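# Structural characterization, general
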Amino acid sequence: MVSNLSLEGRLPGHAGALTPDQVAALKKIWLRLFELFKQAGEPYTPPADSDSSSQASSEKQEKKNGGGGGWFGFGKSSSAPAKDVQQDKPVFLGKTADPRWMSLTLEEAIKLIPGEKLERTFWHMVATDNPDACVLRYLRARKWDVDAAYRMIINTLRWRLHNRVDDITKLGESGLVIELNKLKPQLGDDFIRQIKSGKATLGGPDKSDRGICFLNVQLHHKEDQPFEAIQIAALYLMETARVFCGYPMVNACLVFNLDNFTLANMDFDFVKFLITCLERYYPETLGLCLIHKAPWVFSTVWAMIQPLLDPVVAAKIKFSKNLDELQEHIDIGSVPVIISGNPDRKTKDEATKADDPPAGILEVPTSAEYLAYEEEKKAYTKATEEWAKSEIVAGQEDQDALARLERGRQYRLIRIRAEKDLRANTTYHQKGLLKLTPDAHLYVDFGGDNWVEQDITDRV
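Model, not experiment: these values are computed from the prediction. (Residues numbered from 1 in each chain as written. Predicted model: local features only at pLDDT ≥ 70, side-chain atom pairs only at ≥ 80, totals over all residues. Heavy atoms only, no water.)

Position of Asn265 among the secondary structure elements: in the loop between strand 3 (252-257) and helix 11 (268-281). Assessed through its relative accessible area of 3%, Asn265 is described here as buried. (Helix = DSSP H or I, 4+ residues; strand = E, 2+ residues; numbered from the N terminus. Buried < 20%, exposed > 50% of the residue type's maximum accessible area, 1.4 Å probe, protein only.)

Shown next, in the form of structure tokens:
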């Protein structure tokens, strides 16, 4: 593949457009991470029957967080029975983690986690992204404070380990149904119902070519499913949405469709969960948040939500009262029927029928592509450690920036070749919105008149 890398048009503070001080901060973060990955920690093996200990720690965490469940605290579904507290204890989330990793302070907990586990989940977090770009999200989120950005990264790593984010992507929706139903009858069915209900769908683009997550709140009633099912569904969709990203489309658009919203649809616990995820664990991934057709009753809810928002996130929120205002940000061809009201104009997601994707597995892959990816991680680490220890040479900033972009591109190409071994296919792969070809090219195709299929394989 011919490289077409350029520094033109790069956003300040992003890969390829860093000041000398920002380069120095990036180098410091890399060196601290590499040192962390060498620590022994305390190896942890879950008990053969870890349900009781996992649930006990989850109960403690749930009480700490205020309890509750569902998607979007207020109101109950009039047709759903109240759920027993015992039923709502997580059985998948936290099952394979030492409870101390989340119960202790960050400084205490991080010392317990073996470096190899932190390193593995770090690279799963990077996934197909340019590794520099991934780390830079945290530096920008913490205004280039190296200590604060480093703490934010390692806090994300322990959170990902606890919540089994890597397992969620490896199992995929079909594998999760099987695994969750093993742990708790109907939990897998509850999970897949969230995925297929239309409550949350991925599509796009918006007018900045970003992928979009539509949240259709009228379809949700908080007591219709356990909180764990909706948490896993949200994590699954957030990780899937990241696949659509490839420079220059580096973040996403989130649309809350509040048409026909009542307090029976409100779930404050999920709102807090989502805000926490976006601010702490997926920094700089939200480009725009649209709140569409909010009724007057939402003003009470908004008064409770607004104080929870980081000012940076709050600045990305805009309101639209009708389709005309929504179309200032999103072309009508990208809008699903539940919002447009036009059944004759369906998005590609709505118009395409597909079989369920095959289930993924948790076993360590043995393919040549996966083994090559493991070697590439070592090579990237070695090259980056040498670069991070080198002095910044005046006059060679552009040359150095292009070299780092090329190094990130090489990593991305090899990671994409191993994608089939590390991420289960999704419904969006089945429908052709995402396409991974046999020759390891990654395509995005939102469909519609305002989009042409794009090869995003070497975008860094």
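Glancing now at unusual backbone geometry. Looking along the chain, the bond that leaves Gly204 and enters Pro205 is cis, with omega of 0°. Structurally, Pro205 can be placed in the loop between strand 1 (200-203) and strand 2 (212-216). Note that the residue after Tyr247, namely Pro248, is joined by a cis bond; omega there is 5°. Note that Pro248 resides in the loop between helix 10 (227-243) and strand 3. Look at Lys293: it is not a glycine, yet its phi comes out positive at around 55°. Within the fold, Lys293 resides in the loop between strand 4 (286-292) and helix 12 (298-305). Of note in the backbone geometry, Ala440 takes a positive phi value of approximately 65° without being a glycine. The residue Ala440 is located in the loop between strand 6 (434-436) and strand 7 (442-444) in this model. Judged by its relative accessible area of 14%, Ala440 falls in the buried class.

Looking now at the sheet that holds strand 4. Strand order in this open sheet of five strands is 1-2-3-4-5, and the pairing throughout is mixed. Each edge of the open sheet carries a strand with a single partner, namely strand 1 and strand 5 (317-320). Each strand axis lies, on average, 20° off the axis of its neighbour in the sheet, ignoring direction. Relative to strand 2, strand 1 is paired through four bridges, and the arrangement is antiparallel. (Pairing = 2+ DSSP bridges. Axes fitted to C-alpha atoms, helices over the stretch in contact; angles between N-to-C directions.)

Before going further, it helps to spend a moment on the UniProt feature "domain: CRAL-TRIO" (unreviewed entry) in the protein. On the UniProt side, "domain: CRAL-TRIO" (unreviewed entry) is annotated at positions that read residues 188-347 here. Between the C-alpha atoms that bound residues 188-347 there is a distance of 27 Å. The span itself is 38% helix and 16% strand. (UniProt positions renumbered as here; feature names shortened; annotations may be inferred.)

Across the sheet, three strands lie side by side as 6-7-8; this open sheet has antiparallel pairing. Because the sheet does not close on itself, it has two edges, and the strands there are strand 6 and strand 8 (454-455). Examined bridge by bridge, strand 7 and strand 8 share two bridges and lie antiparallel to one another. The residue of strand 8 that forms the bridge with Tyr443 is Asp455.

Another aspect to go through is the pattern of salt bridges. For the coordinates displayed, the defined rule picks out 32 salt bridges. With a shortest N-O distance of 2.9 Å, Asp98 and Arg100 are connected by a salt bridge. Two residues, Glu374 and Lys377, come together in a salt bridge whose shortest N-O distance is 2.9 Å. With Glu374 and Lys377 both in helix 17 (residues 368-389) and three residues apart, the pair spans about one turn of that helix. (Salt bridge = Lys/Arg side-chain N within 4 Å of Asp/Glu carboxyl O.)

Bringing the packing of aromatic side chains into the picture now. Under the definition given, this model contains 22 aromatic pairs. Measuring from ring centre to ring centre gives 6.1 Å for Tyr44 and Trp101, while their planes differ by 65°; the resulting arrangement is edge-to-face. A relative accessible area of 1% means that Trp101 is categorised as buried. With a centroid separation of 6.2 Å and 85° between ring planes, the pair formed by Phe191 and Tyr236 is classed as edge-to-face. (Phe/Tyr/Trp six-rings, centres within 6.5 Å; stacked < 30°, edge-to-face > 60°.)

Within the element layout of this structure, Val460 appears in the segment after strand 8. Judged by its relative accessible area of 6%, Val460 is buried. Between the C-alpha atom of Val460 and that of Phe270, which follows or precedes it by 190 residues, the distance is 33 Å. When neighbours within four sequence positions are excluded, Val460 is seen to be in contact with Leu5, Arg10, Asn130, Tyr247, Leu405, Gly408, Arg409 and Arg412. (Contact = heavy atoms within 4.5 Å.)

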